[in-house]
Amino acid sequence: MTAFLALLQDYTIQNVVAGAALLGLISGVLGSFAVLRQQSLLGDTMSHAALPGVCLGFIIAGTRHMGSILLGALVTGALAALVMLLLTRMSRLKTDAGLGIALSVFFALGVVLLTHIQGMNNAAQGGLDAFLFGQAAATLRSDVWIMGGITLAALALVAALWKEFKLVTFDPEFAASLGMPVVWLEVLLTVMIALAVVVGLQMVGVVLMAAMVIAPAVAARQWSHRLEDMVWLAAAIGVVGGVFGALLSALSRGLATGPLIILSVSVAVLVSITLAPGRGLVWEAMRLWRGRRRLRDQQVLTTLYRLAAHHADPVYRSEQGMLDTYHGLGTRAALRKLERRGLVEWGQARPGEPGPERRWVLTPAGIAEAERILASLNGEGA
């Protein structure tokens, strides 16, 4: 414990943990809107489109000045998103095609500029390519303040325009009918997602930033039914995942911080998709299993009813072996369950009837239930 507390007092680790927490916070909040607007790939496009901005910021400043680099990344990331919006609104291209075009063009431009910088006689260019995969250990206290300012500005905008963003996210047509500037609100949301991308460049890099934008929101979506709950939960998952990944990297020397942060939030996504009540894979498997058992019970019950109707005898006694043969598998478990529900009885065969002495017979409640099931099936067929 003492060693862990001493680790937290390290200047570099403090910067990395604070930066990871800020990244998780802004990614969770803004990523929720991107996921709900079915623009999950928007983060991927913006993160790759930020590379030319990083290079242009370096060329203009002449050094690795974080403010210039992040400003350049914000401009090109937002520009790529606006290009995507123009392509989809002014042509017949779908959103995925517009995202693909913007991503490939801007990332190719960034690679060209990065190659150009590497050919320049500037000693400050060293490590610039670290923005591809992130270099959290190089985070300075001044960088954390810049990230904090960007995060605070983004959260303030979300709070000020909460109702407008919520309406545009779920029903843009209704928002337009109320006179809201839907296009400008969508542009603002898109630019704000670019802010989240800018915050994460130093921590996780261009390549992995897309996962950081959508993973906390995807995990939160499995547990929530309201936007307010989803945003708060996504922010919490992002912060916890970011801090855990940063601390795990600090405790495991030699492991990169950015990938560990992404793996941490990815574990949250996996757990949520698997175990979330009502939506998780486990719950879905249980629901499917219960549905199959209920269907088997109904099939056995209606078989008994049809046999009784065929023999014009409401208390016709059916043999266990005959039911097994009819359904192609054992029916004893289903019959025992129906017996516990009071729908069938295990009674004596009538005097003189060949075969087993004990057979299954419908109770009055079983007859009524079978008639209800068949009536509902006939209604669906009609």
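Residues numbered from 1 in each chain as written. Predicted model: local features only at pLDDT ≥ 70, side-chain atom pairs only at ≥ 80, totals over all residues. Heavy atoms only, no water.

## Topic: the packing of aromatic side chains
As enumerated under the stated definition, the model contains 3 aromatic pairs in all. Ring geometry for Phe 33 versus Phe 165: centroids 6.0 Å apart, planes at 70°, classification edge-to-face. With Phe 33 in helix H2 (residues 11-36) and Phe 165 in helix H7 (residues 162-170), the pair connects residues that are 132 residues apart, well separated along the chain. There is no split in this pair, since Phe 33 and Phe 165 are both buried. For the ring pair Trp 346 and Trp 360, a centre distance of 4.6 Å and an interplane angle of 45° mean the geometry is tilted. Pair noted here: Trp 346 is in strand S1 (residues 344-348) and Trp 360 is in strand S2 (residues 358-362), with a separation of 14 residues, a long-range link. Given a relative accessible area of 0%, Trp 360 falls into the buried group. The ring of Trp 346 carries Arg 336 above its face, with NZ or CZ at 5.9 Å from the centroid. (Phe/Tyr/Trp six-rings, centres within 6.5 Å; stacked < 30°, edge-to-face > 60°. Helix = DSSP H or I, 4+ residues; strand = E, 2+ residues; numbered from the N terminus. Buried < 20%, exposed > 50% of the residue type's maximum accessible area, 1.4 Å probe, protein only. Lys NZ or Arg CZ within 6 Å of the ring centre and 35° of its normal.)

## Things to note about a nonpolar patch on the surface
Nonpolar side chains collect at one region of the surface, where Trp 223, Val 267, Val 271, Leu 275, Val 282, Trp 283 and Met 286 lie side by side and expose about 600 Å² of accessible area between them. Counting only elements with at least two residues in the nonpolar patch, the list comes to helix H12 (257-275) and helix H13 (281-310). Mapped onto the elements, Val 267 comes out in helix H12. (Patch = residues over 30% accessible without salt bridge, like charges linked within 9 Å, V, L, I, M, F, W, Y side chains within 5 Å. Areas by Shrake-Rupley, 256 points an atom, 1.4 Å probe, with all protein chains shown as cover. Salt bridge = Lys/Arg side-chain N within 4 Å of Asp/Glu carboxyl O.)

## Side note on H13
Here H13 spans 43 Å end to end across 30 residues, near enough to the 44 Å set by a 1.5 Å rise per residue. Of the positions making up H13, those classed as buried are Asp 297, Val 300, Leu 301, Thr 302, Thr 303, Leu 304, Leu 307 and Ala 308. Trailing H13 by a residue or two, Ala 312 shows a phi angle of about 55°, which is positive. (Expected span 1.5 Å × (residues − 1).)

## Some thoughts on the side chain of Ser 224
When you line up the elements, Ser 224 lands in the loop between helix H10 (205-221) and helix H11 (227-251). By relative accessible area, which is 4% here, Ser 224 ends up buried. A polar side-chain atom of Ser 224 sits 2.8 Å from the main-chain carbonyl oxygen of Ala 220. Filtering out sequence-adjacent residues up to four positions away, Ser 224 remains in contact with Asp 229, Met 230 and Arg 279. (Polar contact = N/O pair within 3.5 Å; in protein donor to acceptor, adjacent residues only side chain to side chain. Contact = heavy atoms within 4.5 Å.)

## Notes on the packing of H11 against H12
For the pair H11 and H12, interaxial distance at closest approach is 8 Å and the crossing angle is 135°. As far as their axial angle goes, H12 and H11 are oblique. By crossing handedness, the relation of H11 to H12 is classed as right-handed. Contact residues: H11 offers Ile 237, Gly 241, Gly 242, Phe 244, Gly 245, Ala 246, Leu 248 and Ser 249, while H12 offers Thr 257, Leu 260, Ile 261, Ser 264, Val 265 and Ala 268. A class-by-class count of the residues in the contact of H11 with H12 yields 8 nonpolar, 6 polar and no charged. (Axes fitted to C-alpha atoms, helices over the stretch in contact; angles between N-to-C directions. Parallel < 35°, antiparallel > 145°, perpendicular 65-115°, else oblique. Left-handed = near helix turned anticlockwise from the far one by under 90°. Nonpolar A, V, L, I, M, F, W, Y, C, P; charged D, E, K, R; others polar.)

## Things to note about the UniProt feature "transmembrane region" (unreviewed entry) in the chain
Residues annotated in UniProt with the feature "transmembrane region" (unreviewed entry) correspond here to residues 12-36, 45-63, 69-87, 99-117, 144-162, 231-252 and 258-282. Along residues 144-162 the backbone is 95% helical and 0% strand, and the end-to-end C-alpha distance reaches 26 Å. Across residues 258-282, the secondary structure splits into 80% helix and 0% strand, with the terminal C-alpha atoms separated by 30 Å. (UniProt positions renumbered as here; feature names shortened; annotations may be inferred.)

## Remarks on the environment of Met 192
Structurally, the position occupied by Met 192 is in helix H9 (residues 182-200). A residue is classified by how much of its surface remains accessible, and Met 192, at 1% relative accessible area, is buried. For Met 192, the residues in contact, after removing those within four places along its chain, are Leu 30, Ala 154, Leu 157, Val 158 and Phe 165.

## Observations concerning the pattern of salt bridges
Charged atoms that come close allow side chains of opposite charge to pair. Under the criterion given, the structure shown has 9 salt bridges. Between Asp 229 and Arg 226 there is a salt bridge whose closest N-O contact spans 3.5 Å. A salt bridge links Arg 336 to Glu 339; its shortest N-O distance comes to 3.0 Å. Pair noted here: Arg 336 and Glu 339 are both in helix H15 (residues 332-340), with a separation of 3 residues, about one helical turn. The class for Arg 336 is partly exposed, based on a relative accessible area of 29%.

## Let's talk about unusual backbone geometry
Excluding glycine, most residues fall at negative phi; most peptide bonds, likewise, are trans. Positive phi values are uncommon outside glycine, yet Ala 312 reaches one of about 55°. Here Ala 312 shows up in the loop between H13 and helix H14 (320-327).

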